[in-house]
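Listed below are the residues making up each chain.
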Amino acid sequence: MAQLIDGKKISQEIKDELKEKVEKLNAEGIEGALAVIQVGNDPASSVYVRNKKRACEYIGIRSESYELPEETTEDELLTLIETLNEDPKINGILCQLPVPAHMDENKIIRTIAPEKDVDGFHTQNVGALVVGQKGFVSCTPAGVIQLLKRSGIDIAGKHCVVVGRSNIVGKPMALLMLKENATVTICHSRTADLKAVCKQADILIVAVGKPKMITAEYVKEGATVIDVGIHRQEDGKLCGDVDFEQVEPIAGAITPVPGGVGPMTIAMLMNNCVEAMTR
Ligand code: GUN
């Protein structure tokens, strides 16, 4: 039986540590405030935004909500971001993605001041990660590192295969594993013989967005398997990019879905918010 990597428990530990830190900062007169922007009312985004605001409340950071209608123009959104950039009481700004199709997502990300970009999406923060300098790191991959470290899984010298090359997960994930001295392979839709490459992994991290795509044939005996995917199945149950029933008996350690990577994203967002308070 594989070790179950408990994201729910680890994210709670992190939030409790952050709550204590915020209390200390408050005692020194340093207050935290996160501006949360949502354009339109995509139901999934509304759930994420609500959970982020709840987490703020839990750790003692004020959150300011900006719920803008779908028809908001790009200029109106950029003006709001610029106002928040200048507001000394706001130390973090988050614009929930996706934004409506008539907006340029990259332009919006670029407009958020890098020192308030708690999502870690701004090119300055991504660049800092590439060259190993201080900056905000994208929350989901940062959460995966914490899951591994806090579950006692060694990273240095291991062969890590990352499946997926998105800007938010795959690419920063590979860079973070490299920083932890893993040997890193990045796979994607054009990788030849994906199964054979995945089967070499000591640590297999999957962020492809395809339900149960990673079956037993992709996994080496004893490997650590991290599943970033989350999908609602026809029967209403949630599943990941990994076929858990098939893979769990082979893996040395594995994250469940739900309760694995998911809760870590918000915990790491809170970590970035606390860091923003101290800058
Ligand atoms: N949409 C999906 N994930 C994220 C995230 O981590 N941050 C933001 N801002 N939008 C998202």
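Residues numbered from 1 in each chain as written. Predicted model: local features only at pLDDT ≥ 70, side-chain atom pairs only at ≥ 80, totals over all residues. Heavy atoms only, no water.

1. What about the packing of aromatic side chains?
The test is simple: Any pair of Phe, Tyr and Trp rings, taking the six-membered ring for Trp, is counted once the centres come within 6.5 Å. Such a pair is stacked with planes under 30 degrees apart, edge-to-face with planes over 60 apart, and tilted for the rest. Remark: a charge is flagged as sitting over a ring if the NZ atom of Lys or the CZ atom of Arg is within 6 Å of the ring centre and within 35 degrees of the ring normal.
One pass over the full model with this rule turns up zero aromatic pairs. Over the aromatic face of Tyr58 sits the side chain of Lys19, whose NZ or CZ is 4.7 Å from the ring centroid. A cation over a ring is seen here: Arg279 above Phe136, with NZ or CZ 4.1 Å from the ring centre.

2. Considerations on the site of the ligand
Counted only if it meets this: Near residues are defined by distance, with any heavy atom within 4 Å of the molecule or strand qualifying the residue. Polar contacts, as counted here, are pairs of nitrogen or oxygen atoms within 3.5 Å of one another; within protein the pair requires one atom able to donate a hydrogen and one able to accept it, and residues that are adjacent in sequence qualify only if both atoms are side-chain atoms. Residue burial considers only the protein chains on display, and all accessible areas are found by Shrake-Rupley using a 1.4 Å probe. Within this scheme a cavity is a closed region of a 1 Å grid, computed over the protein atoms alone, that accommodates a 1.4 Å probe without allowing it to escape, whereas a pocket is open but has protein on both sides within 12 Å along at least five of seven lines; lining residues each have an atom within 4 Å of a point. Molecule-in-pocket calls rest on the fraction of atoms, with more than half required to lie within 2 Å of the cavity or pocket grid points. Note on residue classes: Ala, Val, Leu, Ile, Met, Phe, Trp, Tyr, Cys and Pro are nonpolar, Asp, Glu, Lys and Arg are charged, and everything else, Gly too, is polar.
All residues in the neighbourhood of the ligand are listed as Lys52, Cys95, Gln96, Leu97, Asp119 and Phe121. Contacts to the ligand include Leu97, whose backbone N or O atom sits 2.9 Å from a nitrogen atom. Look at the ligand: alone it shows 280 Å² of surface, and the protein chains cover 78% of it. When atoms are counted within 2 Å of each cavity's grid points, the one that captures over half of the ligand is the largest pocket. Split into classes, the residues belonging to the shell around the ligand amount to three nonpolar, one polar and two charged.

3. Remarks on the layout of surface pockets
Put simply, the rule reads: Grid points are joined across faces, edges and corners, and a volume is the space filled by probe spheres set on the points. Each helix is a run of H or I in the DSSP string that is no shorter than four residues. Each strand is a run of E no shorter than two, and both are numbered from the N terminus.
If you add up the space inside the largest pocket, you get close to 1600 Å³. At nine residues, helix 2 (residues 43-59) tops the list of elements feeding residues into the lining of the largest pocket. Per-class residue counts for the lining of the largest pocket are 25 nonpolar, 15 polar and nine charged.

4. A closer look at the environment of Ser166
Put simply, the rule reads: Residue exposure (1.4 Å probe, protein chains only): buried if accessible area is under 20% of the type maximum, exposed if over 50%, otherwise partly exposed. Only heavy atoms matter for contacts: two residues are in contact if any of them lie within 4.5 Å across the pair.
Here Ser166 lies in the loop between strand 5 (159-163) and helix 7 (170-179). Looking at Ser166, the relative accessible area reads 34%, which means it is partly exposed. Along the primary structure Ser166 and Val208 are separated by 42 residues, whereas in three dimensions their C-alpha atoms are 8.7 Å apart. Each residue touching Ser166, except ones within four places of it in the same chain, is listed here: Lys171 and Pro172. A distance of 3.0 Å separates the side chain of Ser166 from the backbone nitrogen of Val169, its partner in a polar contact.

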